[in-house]
Amino acid sequence: MAAAALSRRALLFGRTAAEAPAVRPPWALAEAAFASLCTRCDACVRACGEDVLARGADGLPRFEATAGECTFCGDCARACGTGALDASLSPPWELRAQVGPGCLPAHGVVCASCRDACPESAIRVPPGGRGAAWVDPALCTGCAACVGVCPADALALADAPLEAAA
Ligand code: SF4
Ligand code: SF4
Ligand code: SF4
């Protein structure tokens, strides 16, 4: 496995939620431009019917991957009047689900909660606890429906595909 992939996995799964970089709402500009344009008005947070956006400690909105699923309805982007969220961007983000080393079937425990929650049928799980779940990055939209349902907290979102967990 490449060292870059190893360090990236450590970045994702070795940190607490408080330490992890904030995931911005869908259609957010790159972080510097987003932070510059966002007036911290909370309009996007209020517009989200799925309650997956929240105001962070920095006052900026963040996507809470463990809170539920983004349906990509676009209400947040339409509510943003400053351009910090740009509804013309396609896709809305590059996030994909990543499976970490805590995945239960990788340790012989039968589980398919993430697969069953995925609206895109993007997750494969070997039967009988004989290997880790695997996310097809071509199908995954980064909606996070799988993240909060994992009993082992083994899923996270990242902006580039990783190698499958060993
Ligand atoms: S696209 Fe819709 S569900 Fe997703 S964060 Fe925005 S308002 Fe919420
Ligand atoms: S609606 Fe736009 S300006 Fe207001 S908090 Fe959300 S991203 Fe920032
Ligand atoms: S983040 Fe990807 S793998 Fe997880 S439920 Fe959504 S589409 Fe499926």
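The structure presented is a predicted model; accordingly, all values stated were derived computationally and were not measured.

Novice: Go over the packing of aromatic side chains, please, and point to the residues and values.
Specialist: Taken as a whole and judged by the stated rule, the model has three aromatic pairs. An angle of 80° between the planes, with centres 6.4 Å apart, marks the rings of W27 and F72 as edge-to-face. Placement of the pair is W27 in the loop between α1 (3–13) and α2 (31–37) and F72 in the loop between β2 (61–63) and α4 (75–79), with a sequence separation of 45 residues. Measuring from centroid to centroid gives 5.7 Å for F72 and W93, while their planes differ by 85°, and the two rings are edge-to-face. Of this pair, F72 sits in the loop between β2 and α4 while W93 is found in the loop between α4 and β3 (96–99), placing the two residues 21 residues apart along the sequence. Judged by relative accessible area, which is 8%, W93 ranks as buried. Of the aromatic side chains, those joined through ring pairs into one cluster are W27, F63, F72 and W93.

Novice: So what's going on with the site of ligand 2? Which residues, and what values?
Specialist: In the vicinity of ligand 2 there are 13 residues, among which C38, C41, D42, C44 and C80 approach most closely. Taken together, the residues that form the shell around ligand 2 break down as nine nonpolar, two polar and two charged.

Novice: Talk me through the nonpolar core; I want residue IDs and the actual numbers.
Specialist: Judged by nonpolar contacts, the single largest core of 41 residues is most densely connected at F63, L85, I123, L155 and L157. Those elements giving two or more residues to this core turn out to be α3 (43–47), α4, β3 and β6 (155–158). Each of domain 1 (1–16 + 95–166) and domain 2 (24–79) accounts for three or more of the residues forming this core. The residues touching F63, leaving out its near neighbours within four places in the chain, are V23, R24, P25, V52, L53, C70, W93, C143, A144 and L157.

Reading guide: rules and limits
Residues numbered from 1 in each chain as written. Chains lettered and ligands numbered in written order. Predicted model: local features only at pLDDT ≥ 70, side-chain atom pairs only at ≥ 80, totals over all residues. Heavy atoms only, no water. Phe/Tyr/Trp six-rings, centres within 6.5 Å; stacked < 30°, edge-to-face > 60°. Helix = DSSP H or I, 4+ residues; strand = E, 2+ residues; numbered from the N terminus. Buried < 20%, exposed > 50% of the residue type's maximum accessible area, 1.4 Å probe, protein only. Near = heavy atom within 4 Å. Nonpolar A, V, L, I, M, F, W, Y, C, P; charged D, E, K, R; others polar. Core = buried A, V, L, I, M, F, W, Y, C linked by side-chain atoms within 4.5 Å. Domains from an automatic or database assignment. Contact = heavy atoms within 4.5 Å.

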